[in-house]
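Tertiary structure, described
Here is what each chain is made of, one letter per residue.
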Amino acid sequence: MNSSEGLKRLLYGRLLHLTHLNEQLFASELDAFADLTRQYGLTFTSNSLTSIHVIDCIGSHEPINSTSIAEKMKLSKASITKISGKLLQEGCIKRSRMNDNKKEVYFSLTPKGRQLFIVHAEMHESLEQSFIQGLNTFSEAELQASLKFIQTVISHSDTMIKNDESS
């Protein structure tokens with residue numbers, strides 16, 4: 001095995017480790033979000049970060065339709081339909097139609113959804129600042145190489161998921 005092949009295998013192993021750590025981190029973030037919502041007297045039963053990010057997307061772009069949410073979040077329309085149904089049931093979002101287009105459904109936040117949007121924004125800002133500070137030791141070239149690597153992994157993962165869905 002040449003050194004390039006060994007380095008690629010090492011990267012794959014490190015990526016798997018990162019995936020496991022991210023699962024733990026996301027579980028921890030969900031717990032922290034649940035704690036924050038309770039502190040604000042809110043109930044939110046979803047255990048999905050994606051649901052929280054759908055609320056964020058709607059709150060940032062309301063009124064917005066499913067197609068636009070899917071495009072902005074780079075998810076399938078089917079995923080957005082499923083998540084939005086749960087968020088409707090939970091009273092976080094509401095549906096409406098525009099006067100000039102009675103066919104298309106748009107989503108906006110309810111007062112409860114707006115509160116969850118604000119709580120998430122506060123938490124997200126803190127997490128983002130911590131992440132950015134962790135990258136302060138990287139040079140511009142290292143950041144560009146890291147970005148290229150992550151984009152390649154995302155593209156590869158997207159392809160694998162699409163192949164699974166079409167099988």
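Above this note sits the structure.
Now for a look at the structure at hand. Note that this is a predicted model, so its numbers are computed, not measured.

Overview of the pattern of salt bridges
Inspection of every chain in the model, using the stated rule, returns 4 salt bridges. As a salt-bridge pair, Glu 5 and Arg 9 come within 3.4 Å of each other at their nearest N and O atoms. Of this pair, Glu 5 and Arg 9 both sit in helix H1 (residues 3–39), 4 residues apart, which is roughly one turn of the helix. Classification of Glu 5 as partly exposed rests on a relative accessible area of 31%. Of the charged contacts, one joins Glu 62 and Arg 114 as a salt bridge, the two residues approaching to 1.9 Å between their closest N and O atoms. Of this pair, Glu 62 sits in the loop between helix H2 (49–61) and helix H3 (66–73) while Arg 114 sits in helix H5 (residues 111–134), and the two are 52 residues apart along the sequence.

Regarding the nonpolar core
Membership of the largest hydrophobic core comes to 24 residues, with the highest contact counts inside it found for Phe 44, Ile 55, Ile 58, Ile 69 and Leu 87. With residues up to four places along the chain from it excluded, the contact list for Phe 44 reads Phe 33, Ser 51, Ile 52, Ile 55, Leu 87, Glu 90, Cys 92 and Leu 116.

Focus: the side chain of Asn 65
By the element assignment, Asn 65 lies in the loop between H2 and H3. For Asn 65, a relative accessible area of 9% translates into the label buried. At a separation of 2.8 Å, a polar atom in the side chain of Asn 65 contacts the main-chain amide nitrogen of Ser 68. A polar contact of 2.6 Å, which involves the side chain of Asn 65, links it to the side chain of Glu 104. Ignoring any residue separated from it by four or fewer positions in sequence, one finds Asn 65 in contact with Glu 104, Val 105 and Tyr 106.

Focus on the packing of H2 against H3
Look at H2 against H3: their axes get within 10 Å of each other, and the N-to-C directions meet at 115°. When the interaxial angle is binned, H2 and H3 end up roughly perpendicular. Relative to H3, H2 is oriented so that their crossing is right-handed. Between H2 and H3, the residues in contact are Thr 50, His 53, Val 54, Cys 57, Ile 58 and His 61 and Ile 69, Lys 72 and Met 73, respectively. Looking at side-chain class alone, the contact of H2 with H3 contains 5 nonpolar, 3 polar and 1 charged residues.

Criteria and thresholds
- Along every chain, residues carry numbers that run from 1 in the direction the sequence is written.
- The predicted nature of this model means local features are confined to residues of pLDDT at least 70 and side-chain atom pairs, given and counted, to a pLDDT of 80 or more, with totals for whole chains, interfaces and linings taken over all residues.
- Water and hydrogen atoms play no part in the side-chain values, which are based on all heavy atoms of the structure.
- We define a salt bridge as a side-chain nitrogen of Lys or Arg found within 4 Å of a carboxyl oxygen belonging to Asp or Glu.
- Strands here mean DSSP runs of E at least two residues long; helices mean DSSP runs of H or I at least four residues long; both are numbered from the N terminus.
- Relative accessible area decides the class of each residue, using a 1.4 Å probe on protein chains only: under 20% of the type maximum gives buried, over 50% gives exposed, and in between gives partly exposed.
- We call a set of buried Ala, Val, Leu, Ile, Met, Phe, Trp, Tyr and Cys residues a nonpolar core when their side-chain atoms join them within 4.5 Å.
- Note on contacts: a residue pair qualifies if any of its non-hydrogen atoms lie within 4.5 Å across the two residues.
- Polar contacts here mean pairs of N or O atoms no more than 3.5 Å apart (in protein, one a potential hydrogen donor and the other a potential acceptor; neighbouring residues in sequence count only if both atoms are side-chain atoms).
- A fitted line through C-alpha atoms serves as each axis, taken over the contacting stretch for helices, and the angle formed by two N-to-C directions is quoted from 0 to 180°.
- Note that the term roughly parallel is reserved for angles under 35 degrees, roughly antiparallel for angles over 145, roughly perpendicular for angles of 65 to 115, and oblique for everything else.
- Definitions for this section: a left-handed crossing has its near helix turned counterclockwise from the far helix by less than a right angle. A right-handed crossing has that turn clockwise.
- Side-chain classes are defined by residue name, with Ala, Val, Leu, Ile, Met, Phe, Trp, Tyr, Cys and Pro counting as nonpolar, Asp, Glu, Lys and Arg as charged, and the others, Gly among them, as polar.

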